[in-house]
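Residue-level structure breakdown
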Amino acid sequence: MARLDIVFGKKTNPVAVELLVSVLIEQEWNGTLYVGYPVFASEDNSSVTDALLTCQEHGVVIFDLTTENIIELEEGAIESAISYRQRELRRKLNSRLVAYEDLVQEDGISLGFPINVITFIPQPIPNVELATLATPDSLLDRLQPLPPLNPHYVKPLNAAVQKTAALKPKKKRLNVRNTDSMGAAIKHLESQIANLDRWQKNAAIESPEGPQRIRGLAGSGKTIILAMKAAYLHANDPEAKIVVTFNTRSLYQQFKNLIRRFYFDQVSDDPNWDKLQILHAWGSESSAGVYSTISAQAGTTPIPFGAARYRFGYTDAFKGVCTELVSHIKKLEFKPVFDYVLVDEAQDFPAAFFQLIYLATKAPKKIVWAYDELQNLGDSTMPTLDELFGVGDDGNPVVEINNIDGQPKQDILLPVCYRNPPWLLTLALGLGLGIKLGNGKFAQMFRDPDFWREIGYECTHGQLELGKHVRLKRSADRSAPFFGDVLTPAQSVSWHVFGDFPSQAEWIANDIQKVTTTQELDLSDILIVIPDSLGASKIGIAITAQLSQRNINSHLIGVTGSRDVVFVDDSVAMCSIYRAKGNEAPLVYVVSSEFCNAGFDLSKKRNILFTALTRAKAWVRICGVGTSMQTLASEMAAIANDNFELDFNYPTQKQIEQLRSAYKERTSKEKRNVQKEIKSAQKLLQRLADGELDLGELPEDLADLLRKALK
Amino acid sequence: MKASITDLRNSIDRVRINLHDAGLLYDWNDCSVVRLSNRRNRITWATSSVRPEVSSFPISNVGEYLAYLEGRHYQFQLNDGSLIQLSYDIDFKKDEIKQSRLVWYPCPVQFSLEELEYAPIKELVLSTPTECIVCRAPIRLDFSPDQAAHNHSSTHIHLGMEEFRLPVHRAMEPSRFIRFIIRTIYPTIWDNFKVFRTAENWAAQDNLNEDDRICGFLGWHLPVAIP
């Protein structure tokens, strides 16, 4: 039996909370104790529940911990004051729960279970004896007689308490009639994600007095949790200045919608967007960002991207402007402006940005950052806290995070990936790392074999050690269980090799026509990802032409459509890999994947492939042209043959280092040099082939090398 | 110059395919046909916004570029951000071109395509330091015999300003205009893609008047295909 799960939100009475938790923490009950949750809308402001227990063994119990004023009352008045408070708490929770069809009885009026309220006091009050009053000593006796909760209420009850209605699928999919269609499958998958898991619950509600790090793979719910957290913090503390920030511009709308829905669910009102701000990290000409806001606050003119790119180069532009602003602010008496800063896609930001946020956030630096450990396969180690936030004058990191029992957690791992079916994630990893490149070759590999366990893989054969043979399988408890209900790997993942580009474009257009006319999928369920970002508009235009011949609309995100809007009704979304980040779709087509199997920067290109594949919530069709695609396809076939487990010989330390230098991103100068070398080698070989030059005329060692290579 | 709506649509479509194959096309708008008075149809770019009057920008400036960009006033947007506008008025009874306006409008900033992943062109334009703004004159070839007047030839090229009118010899078909643009502005593409060498010949007349011949003009007695 599991231990009771305890989630720490806002503590109204920390001493009482500690006492309560110390009694309940050891109970082997199935359920959750929410501290400082849920939030209720009351007549003129919002209020929180001090603590709420929902467990199968004893049903629903509210704990009233706000008793200071009561104890001071005169004898006789105490009982009635306690009863009044209890009645109010019961009324508020009742009014929330009766709105849920699954929680009410046949009459449609009353709940299917009682709401119990216990007023919890540290010591007994003389001459006051109530069945609903408890001290640490009598608490368990008071709870014991409370009847168990009918199991079928558990799931809807938690959804109602957590107010996860906003997680409900946005699409109703009323057109789905055929139970075998792809539309029916995705409808089933979407319906399964209505509750938070225990880790998500902790991450969303727990709010430590200091920084907090949330780690998890793509699809583990980081964005939703940050949105929920923002709504919860805002409801609790309407005056606090809260900022939610991110890198991918298209996340703006997603955040705004989610936060509005979560907030409305809690307090039936719109957020005050002056206090709760959703800001792009940099900002643009038309909208403020975190950097531009802080810069204005520090009395300097923010440098826009268009200017920064001239000074720092476009890849380092953000790092450049943040570094400058940090050193400027350090010279000032700068007054921090934010109470909370919530950072999504933390892996995309330079350390200077975190240092900037640190300077701009009031003590105790309530900075929450959500980090995707696998966004960049080659560089799987997370930057340390001192790398991120810097060190103080004493040489110690300015930010530290610790998980202490009985306290809100500061370091949270979200272990379950809900977005991708497990086999799809495994295939993406296998390709991203290049484990089936053959001849002992890899595109990249995690330096620390243990990292595999961290991201949810277990060793089924061999040894998970450097230089040893190993077979890795996605752990069952690290994937959402519902994918297997409606999908098989063979349906979910397929690859297609074409002789030329036009036949690829034609096949994709035909397939889209097929799935949208016979499989009950909408056009907006489809995302076409183009790994070759430079060729993206050319490829996109060619596919658009094929689609429009079939009367199917499409848009290239950021080109023929707004760059902040991804999905449009009745139109297929296409995007280059950069815009694909952070987005997901039931069905993904990866176009001209051969781009990821040729030329320079193999590790970077394999990262791109990994990102492209992991956009898919159910199906991915990996398409490409020519022999490069053919070899990529054989890699995929090999992984599929291993039953979507990863079977390979782990490279040694030395081999991993070699991979890094061989495939590290080359500078353009290096690239030019290599290209020059290739050209001159080509000339030389051509001369040899044409008989203009004889091997004997070459220096001895070069001739030897050539003879060996030609064998 | 004789051409039907279908001729024009096909020609503009071929231009689109050629620009695409040359890797020069970034975005495009389809053609639309607008009914005018006097038995005329206008073949122009499809956009939902209202086309700015040319007189709103007597001298070309960055604002004009942005107005076209934002309003999607172009048939083609090229990879360097420049815009191409092709617009023809046709007498649909006679299949005769009565007026045309062909524009290459350069982008006032330079960038690599990767940079557009960080910020869209508009933002680059608005945030580029003034000293980095590039000054290139837009080229507009007008054919408007109805408006011909003293010192206003029926066929002329504007270079960056409304009052600058260089008389030219003849009006141009879409592919002939694109050939002119590619050869003069994109020489590498010209060298590498032969498709731009062929142009239609819709029998444009010599439109020069006596004044033009005396004071100077731009002439092109060009063959249909260039080796």
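Along each chain, residues carry numbers from 1 onward, in the same order as the chain's sequence is written. The lettering of chains begins at A and the numbering of ligands begins at 1, in the order of writing. Per-residue local features are limited, in this predicted model, to residues with pLDDT of at least 70; the limit for side-chain atom pairs, both in listing and counting, is 80 or more; totals at the level of whole chains, interfaces and linings are taken over all residues.

1. Some words on the overall build of chain A
The way it works is that DSSP assigns letters per residue, a run of H or I at least four long becomes a helix, a run of E at least two long becomes a strand, and they are numbered from the N terminus. Looking only at helices and strands, chain A features 26 helices and 23 strands. When its C-alpha atoms are laid out on the principal axes, chain A stretches across 115 × 65 × 50 Å. Counting other C-beta atoms within 10 Å of each residue's C-beta, where C-beta atoms are placed from the backbone, gives the exposure class: buried for 20 or more, exposed for 12 or fewer, partly exposed between. Out of the 711 residues belonging to chain A, those deemed buried represent 45%. Across chain A, the fraction of contacts at a sequence separation of at least 24, relative to all contacts at a separation of at least 6, is 73%. Residue pairs are scored as contacts if the distance between their C-beta atoms, which are placed from the backbone, is within 7 Å.

2. Structural notes on the packing of helix α19 (residues 501-518) of chain A against helix α20 (residues 536-549) of chain A
What describes two packed helices is the angle between their axes and the distance between those same axes. All names here are of chain A. Lines fitted to C-alpha atoms define the axes here, with helix axes fitted over just the stretch in contact, and angles between the N-to-C directions of these axes take values from 0 to 180 degrees. For the pair α19 and α20, interaxial distance at closest approach is 9 Å and the crossing angle is 45°. Here α19 lies oblique to α20, going by the angle between them. Where α19 crosses over α20, the handedness of that crossing is right-handed. Along its contact with α19, which presents Phe 501, Ala 505, Glu 506, Ile 508, Ala 509 and Ile 512, the element α20 presents Ala 542, Ile 543, Gln 546 and Leu 547. Note on terminology: angles under 35 degrees are roughly parallel, angles over 145 are roughly antiparallel, angles of 65 to 115 are roughly perpendicular, and the others are oblique. In a left-handed crossing the near helix is turned counterclockwise from the far helix by less than a right angle, and in a right-handed crossing that turn is clockwise.

3. Considerations on the interface of chain A and chain B
Contacts between chain A and chain B engage 19 residues on the former and 19 residues on the latter. For the side of chain A that touches chain B, the secondary-structure elements that each account for two or more residues are α11 (305-312) and α20 of chain A. Counting residues per element, the side of chain A that touches chain B draws most heavily on α11(A), which supplies five residues. Residues are grouped as follows: nonpolar covers Ala, Val, Leu, Ile, Met, Phe, Trp, Tyr, Cys and Pro; charged covers Asp, Glu, Lys and Arg; every other residue, Gly included, is treated as polar. Among the residues forming the side of chain A that touches chain B, the class breakdown is nine nonpolar, six polar and four charged.

4. Topic: the confidence of the model for chain A
Regions with low pLDDT carry predicted coordinates that are not meant to be interpreted in detail. As a per-residue measure, pLDDT reflects the predictor's confidence and takes values from 0 up to 100. Residues with a pLDDT of 70 or more make up 93% of chain A, whose mean pLDDT is 87. In the model of chain A, strand β4 (residues 46-48) of chain A stands out as the element of lowest mean pLDDT, 69, in contrast to strand β12 (residues 338-343) of chain A, which has the highest, 97.

5. Let's talk about the sheet that holds strand β23 (residues 646-649) of chain A
The strands that make up a sheet pair up through hydrogen bonds in the backbone, lying either parallel or antiparallel. Residues and elements named next belong to chain A. Following DSSP output, two strands are said to pair if at least two bridges run between them. An order of β15-β16-β23 is seen for the three strands of this open sheet, with the pairing classed as antiparallel. Each edge of the sheet is formed by a strand with only one pairing partner; in this case those strands are β15 (457-462) and β23. For this sheet, the mean angle separating the axes of adjacent strands, direction not counted, is 30°. Direction of pairing for β15 relative to strand β16 (residues 469-474): antiparallel, over a ladder of five bridges. Looking at β16, one finds that Cys 459 is bridged to Leu 472.

6. Quick look at helix α9 (residues 251-267) of chain A
With 17 residues, α9(A) extends 24 Å from end C-alpha to end C-alpha; this agrees with the ideal 24 Å at 1.5 Å per step. Ser268(A), located one to two residues past α9(A), shows a positive phi value of around 50°. Multiplying 1.5 Å by the helix residue count minus one yields the expected span of that helix.

7. So, the pairing of strand β10 (residues 242-246) of chain A
Residues and elements named next belong to chain A. Taken across its five residues, β10 has five buried, putting it largely inside the fold. With burial as the criterion, each face of β10 is covered, one bearing Ile 242, Val 244 and Phe 246 and the other bearing Val 243 and Thr 245. The pairing of β10 with strand β11 (residues 276-280) spans five bridges and is parallel. The residue bridging Val 243 from the neighbouring strand is Gln 277, located in β11. For the crossover from β10 across α9 to β11, the handedness is right-handed. In terms of strand pairing, β10 meets β12 through four bridges, oriented parallel. Of the residues in β12, the one forming a bridge with Thr 245 is Val 343. Whether a crossover is right-handed comes down to one check: with the strands pointing away from the viewer, does the path from the first strand over the helix to the second run clockwise; if it does, it is right-handed.

8. As for the sheet that holds strand β21 (residues 585-590) of chain A
Residues and elements named next belong to chain A. Ordered in space as β17-β22-β21-β18-β20-β19, the six strands form an open sheet in which the pairing is parallel. With partners counted over all chains shown, the strands left at the sheet margins are β17 (493-498) and β19 (554-556), one partner each. With strand direction ignored, the average angle separating the axes of adjacent strands in the sheet is 20°. Bridge analysis of strand β18 (residues 526-530) against β21 gives four bridges, and the strand direction is parallel. Bridge pairing links Ile 528 to Tyr 589 in β21.

9. Looking at the domain arrangement of chain A
How big an interface is tends to be reported as the loss of accessible area on association of its parts. Along its sequence, chain A is organised into domain 1 (5-162), domain 2 (196-414), domain 3 (422-659) and domain 4 (678-710). The start and end points of each domain follow an automatic or database-based domain assignment. For domain 1 of chain A versus domain 4 of chain A, the separation of C-alpha centres amounts to 85 Å.

10. Here's the deal with the packing of helix α15 (residues 422-433) of chain A against helix α23 (residues 626-641) of chain A
Residue and element names in this part refer to chain A. Closest axis-to-axis distance for the α15/α23 pair is 10 Å, and the angle between their directions is 135°. It follows from the interaxial angle that α15 and α23 lie oblique. Regarding α15 and α23, the two cross each other, and that crossing is right-handed. Here Leu 427, Gly 430 and Leu 431 of α15 lie close against α23, whose contacting residues are Glu 635, Met 636 and Ile 639. Grouping the amino acids of the contact of α15 with α23 by side-chain chemistry returns four nonpolar, one polar and one charged.

11. Topic: the confidence of the model for chain B
Summary statistics for chain B give a mean pLDDT of 91 and a share of 98% for residues scoring 70 or more. Under the prediction, the complex receives an ipTM of 0.79, its pTM being 0.78.

12. Considering the environment of Ala638(A)
Turning to its location among the elements, Ala638(A) is positioned in helix α23. For the pair Ala638(A) and Ile435(A), spaced 203 residues apart in the sequence, the C-alpha separation amounts to 9.8 Å.

13. Let's talk about the pairing of strand β22 (residues 616-625) of chain A
Residue and element names in this part refer to chain A. In terms of burial, β22 is largely enclosed, as 10 of its 10 residues are buried. Here β17 pairs with β22 via six bridges, running parallel. Looking at β22, one finds that Val 493 is bridged to Val 620. Where β21 lies against β22, five bridges are found, and the strand directions are parallel. When the sheet's bridge partners are listed, Tyr 589 is paired in β22 with Arg 621. As a crossover connection, the stretch from β21 through helix α22 (residues 602-613) into β22 is right-handed.

14. A short note on unusual backbone geometry
Backbone torsion omega between Ala363(A) and Pro364(A) reads 5°, so that peptide bond is classified as cis. For Pro364(A), the position within the fold is in strand β13 (residues 361-371). Positive phi, normally seen in glycine, also occurs at Asn151(B), with a value near 55°. Here Asn151(B) shows up in the loop between β7 (139-143) and β8 (155-159).

15. Notes on the environment of Glu70(B)
Residue and element names in this part refer to chain B. Turning to its location among the elements, Glu 70 is positioned in helix α2 (residues 62-70). The exposed category is assigned to Glu 70, around which 11 C-beta atoms lie within 10 Å. As for Glu 70 and Ser 49, which are separated by 21 residues in sequence, their C-alpha atoms are 9.1 Å apart.

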